Amino acid sequence: MEHSKKIILLLLLITGIYSSIAQESKSTEYIEFNDRRNIVHGIYLGTNLGYGTIKNKSTLTTSIKLAYVANQKFELGIIGTAFYSNQNALNDTSFDDENHVDGDLIGVYIGAHLEPIFFKQSIINLSFPLLIGGGSVGYIEALKENNSLENEGYIIESEDIFVMEPGINVLFNFSRYFQIEAGVKYRFSSKFNLHPGTVNRINGYTFNAGIKIGVFNLGRNRYKKNIPDNE
């Protein structure tokens, strides 16, 4: 009888230990998956230099942008651009006032940056950036004294404009934190009328290249997720 009690007690002890181990094992089960296959996010700061034309005159541009990247498929941000166009370089006396000669065109504009991206899994991507915004343009004029430019003083006149600038870019993904882009854009602007006979729009092509520095994929590569007990 005493022997039977010991056997029953031993069986109960073994059953209890087994249940405890099984429960612990069930509560610590997990799955492992690659987070980058889900929606990931990024943010970067970029800068560009460009060369193009406005009314067949050479034009230099520089831009800076801050953008959010959604799933490496779409960028949304803000971009600012400044330009200098060598229009008449003080050689054209087209102003009504004989004491002024026509100078060069300068301007700045800022707007929303929208950019869908294709082939995100490749080292090289194709994108179609679009800027929609506005800014201000003006001529730098030189004031003549006694038909001489020896004592020249600069007067800047400006006018507000609306700008839309679509383009096409090739993106080179060197790392998760660094990209190089190159492409071409065409700038459309509303009409302005600073002086008769001079440029009244800043329409024109711009060939540009630049860099982006940031984090283009904020998702962690892998992590573990516990499976709830009811699954």
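Here the structure is shown first, and the text comes after it.
Computed from a predicted model, the values in this text were never measured in an experiment. (Residues numbered from 1 in each chain as written. Predicted model: local features only at pLDDT ≥ 70, side-chain atom pairs only at ≥ 80, totals over all residues. Heavy atoms only, no water.)

Colleague: I would appreciate a short explanation of the overall build of the protein chain in the present structure.
Modeller: A tally of helices and strands in the protein chain yields one helix and 12 strands. Mapped in sequence order, the helices and strands of the protein chain form the string α-β-β-β-β-β-β-β-β-β-β-β-β. A buried classification covers 33% of the 231 residues belonging to the protein chain. Pairs at least 24 residues apart make up 64% of the contacts formed inside the protein chain by residues separated by at least 6 positions. When the accessible surface of the protein chain is split by element, carbon and sulfur atoms take 60% of a total near 14200 Å². (Helix = DSSP H or I, 4+ residues; strand = E, 2+ residues; numbered from the N terminus. Buried < 20%, exposed > 50% of the residue type's maximum accessible area, 1.4 Å probe, protein only. Contact = heavy atoms within 4.5 Å. Areas by Shrake-Rupley, 256 points an atom, 1.4 Å probe, with all protein chains shown as cover.)

Colleague: When you look at the pattern of salt bridges in this model, what are you seeing that I'm missing?
Modeller: Side-chain pairs of opposite charge can arise whenever the charged atoms involved come near each other. For the structure on display, the rule yields five salt bridges. Measuring nitrogen to oxygen at the nearest pair gives 4.0 Å for the salt bridge that ties Glu 115 to Lys 65. Taken together, the residues Glu 115 in strand β6 (residues 105–118) and Lys 65 in strand β3 (residues 57–70) connect sequence positions 50 residues apart. Accessibility classification places Glu 115 together with Lys 65 in one group, the buried group. Glu 75 is the salt-bridge partner of Lys 212, the closest N and O atoms lying 2.8 Å from each other. Here Glu 75 lies in strand β4 (residues 74–85) and Lys 212 lies in strand β11 (residues 204–215), a separation of 137 residues in the sequence. Of the residues examined, Lys 212 reaches a relative accessible area of 0% and is grouped as buried. Judged by its relative accessible area of 1%, Glu 75 is buried. It is possible to trace a salt-bridge network through shared partners that takes in Lys 65, Glu 75, Glu 115, Glu 181 and Lys 212. (Salt bridge = Lys/Arg side-chain N within 4 Å of Asp/Glu carboxyl O.)

Colleague: Is there a simple way to explain a nonpolar patch on the surface in this structure?
Modeller: A surface patch of nonpolar side chains, amounting to about 550 Å² of accessible area, comprises Ile 43, Leu 45, Ile 64, Leu 66, Ile 78 and Ile 110. Elements represented by at least two residues in the nonpolar patch include exactly β2 (41–54) and β3. Mapping Ile 43 onto the fold places it in strand β2. (Patch = residues over 30% accessible without salt bridge, like charges linked within 9 Å, V, L, I, M, F, W, Y side chains within 5 Å.)

Colleague: So what exactly am I meant to see when it comes to the side chain of Glu 115 here?
Modeller: For Glu 115, a relative accessible area of 0% puts it in the buried group. Here His 113 takes part through its side chain, which lies 3.0 Å from a polar atom of the side chain of Glu 115. Engagement of the side chain of Glu 115 in a polar contact is seen with the side chain of Ser 127, the distance being 2.4 Å. Once residues within four sequence positions are removed from consideration, Glu 115 is found in contact with Tyr 44, Lys 65, Lys 73, Phe 74, Glu 75, Ser 127, Phe 128, Pro 129, Asn 169, Leu 171, Glu 181 and Lys 212. (Polar contact = N/O pair within 3.5 Å; in protein donor to acceptor, adjacent residues only side chain to side chain.)

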